Amino acid sequence: MRGYFGVGAERISKPLNLGAVLRTGHAFGASFAFTIAAHHKAQLIHLSDTAKSALHIPLYEWAGLEEMKLPRGCALVGVELDPVAIDLPSFRHPLNAAYLFGPEKGDLSPESKALCTHLVKIPTRFCVNLSVAAAIVMYDRMISMGRFADRPVRTGGPPSEKDWAPLSGRPRLCEKN
Ligand SMILES: C[S@@+](CC[C@H](N)C(=O)[O-])C[C@H]1O[C@@H](n2cnc3c(N)ncnc32)[C@H](O)[C@@H]1O
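The notes below deal with the structure included here.

Calculation rules
Along each chain, residues carry numbers from 1 onward, in the same order as the chain's sequence is written. Local features in this predicted model are restricted to residues of pLDDT 70 or higher, and side-chain atom pairs are both shown and tallied only at a pLDDT of 80 or more, whereas totals for entire chains, interfaces and linings draw on every residue. Note on conventions: DSSP H or I runs of at least 4 residues are helices, E runs of at least 2 residues are strands, and numbering of each starts at the N terminus. Put simply, a residue is buried when 20 or more other C-beta atoms lie within 10 Å of its own C-beta and exposed when 12 or fewer do; between those, it is partly exposed, and each C-beta is set from the backbone. A residue pair is marked as a contact if its C-beta atoms, positioned from the backbone, fall within 7 Å. Working rule for helices: expected span equals 1.5 Å times residues minus one. Should DSSP find at least two bridges between two strands, the strands are taken to pair. Axis lines are fitted through C-alpha atoms, for helices just across the contact stretch, and the angle between N-to-C directions can take any value from 0 to 180 degrees. Residues are counted as near a molecule or strand when the C-beta atom, derived from backbone positions, lies within 6 Å of that molecule or strand. In this count, Pro and Cys sit with the nonpolar residues alongside Ala, Val, Leu, Ile, Met, Phe, Trp and Tyr, while Asp, Glu, Lys and Arg are called charged and the others, Gly among them, polar. Here, a nonpolar core denotes buried Ala, Val, Leu, Ile, Met, Phe, Trp, Tyr and Cys residues that are linked to one another through C-beta atoms within 7 Å.

1. What about the overall build of the chain?
When helices and strands are counted, the chain shows three helices and seven strands. Counting from the amino terminus, helix and strand elements in the chain follow one another as β-α-β-β-β-β-β-α-β-α. Buried residues in the chain amount to 31% of all 177 residues. If you take every contact in the chain between residues at least 6 apart in sequence, the share linking residues at least 24 apart comes to 78%.

2. Looking at helix α3 (residues 130-145)
A rise of 1.5 Å per residue sets the reference length of α3, with its 16 residues, at 22 Å; its end C-alpha atoms lie 22 Å apart and thus fit the reference within 8%. Every buried residue of α3 is accounted for by L130, S131, A133, A134, A135, V137, M138 and R141. In the core, the buried residues of α3 are packed alongside β1 (4-10), α1 (15-28), β4 (75-79) and β6 (96-101).

3. Some points on the sheet that holds β1
Reading across the sheet, the seven strands line up as β3-β2-β1-β6-β4-β7-β5 and stay open at both edges, with parallel pairing between neighbours. Looking at which strands have only one partner, the edges of the open sheet turn out to be β3 (59-62) and β5 (86-87). As defined by bridge partners, strand β2 (residues 32-36) adjoins β3 across four bridges and the pair is classed as parallel. Across the sheet, residue T35 finds its bridge partner in β3, namely E61. Where α1 meets the sheet, it contacts β1, β2 and β3, and its direction lies at approximately 160° from that of β2.

4. Notes on the site of the ligand
Close contacts around the ligand come from 18 residues, with F101, G102, I122, C127 and A133 the closest. Tallied by class, residues from the shell around the ligand come to nine nonpolar, four polar and five charged.

5. Focus: α1
Between its first and last C-alpha, α1 extends 20 Å over 14 residues, near the 20 Å set by a 1.5 Å rise per residue. Among the 14 residues of α1, ten are classified as buried, and the element is accordingly described as predominantly covered. Among the residues of α1, those classed as buried are N17, L18, G19, A20, V21, L22, R23, T24, G25 and H26. Buried residues along α1 sit in contact with β1, β2, β3 and α3. Following α1 by one or two positions, G29 has its phi on the positive side, about 90°.

6. Comments concerning the pairing of strand β7 (residues 118-121)
Bridge analysis of β4 against β7 gives three bridges, and the strand direction is parallel. Following the sheet pairing, V79 is matched in β7 by V120.

7. A short note on the environment of A27
Along the polypeptide, A27 turns up in helix α1. Placed 26 residues apart in sequence, A27 and S53 show a C-alpha to C-alpha distance of 8.8 Å.

8. A few points about the nonpolar core
Y99 and A134 are the most contacted members of the largest nonpolar core, which has 34 residues in total. Contributions of two or more residues to this core are made by β1, α1, β2, β4, β6 and α3. With sequence-adjacent residues up to four places away left out, Y99 is seen in contact with F5, V7, V77, V79 and V137.

9. With respect to unusual backbone geometry
The general pattern is negative phi for most residues beyond glycine and trans for most peptide bonds. The backbone of R11 shows a phi angle near 55°, a positive value even though the residue is not glycine. Looking at the secondary structure, you find R11 in the loop between β1 and α1. Classification of R11 as partly exposed rests on a count of 19 C-beta atoms within 10 Å. The backbone of A37 sits at a positive phi, close to 50°, despite the residue not being glycine. If you trace the backbone, A37 turns up in the loop between β2 and β3.

Written as structure tokens, this is what we have:
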């Protein structure tokens, strides 16, 4: 897939959520992960990150927004259930993006929103879990930027396997926990 992306959260407090974001980011091919002003408990990711994802993608732990340093040209995309946010299904993902999620309790801070190039929302009736939101956004990026055969008009998959081009090589089996 062209481009790259990173995934991170502001004021995240639960190690289970951070572990899930890292593992899912690793699975979807994130180039880096980051936290901003994370609660110290969130650092206990070894309790939850069963794929040891922190060994495979760099995790930047910034104490505050002022420390955040994204690669040149990397767009910060805020993800929040906010009335002014763009609906994710109508959003064109930047080639180089860092997706920023809010904390388990509360929203993205006004200061972080002000730094975002885009603000997107998943059109749900209410907030979903942070790591679930991260998985949805990464999946949306993959299906909209990856090279897959168009969906057929009729139920089912494309007519033959040669029309089906997975992201990179053969699909892999699920990693063991
Ligand atoms: C559990 S939610 C935050 C709690 C929520 N603000 C509340 O108090 O009801 C954690 C984060 O997940 C992301 N999130 C969850 N549902 C979302 C949605 N439907 N659209 C966009 N982001 C969402 C946002 O980044 C949010 O800050």
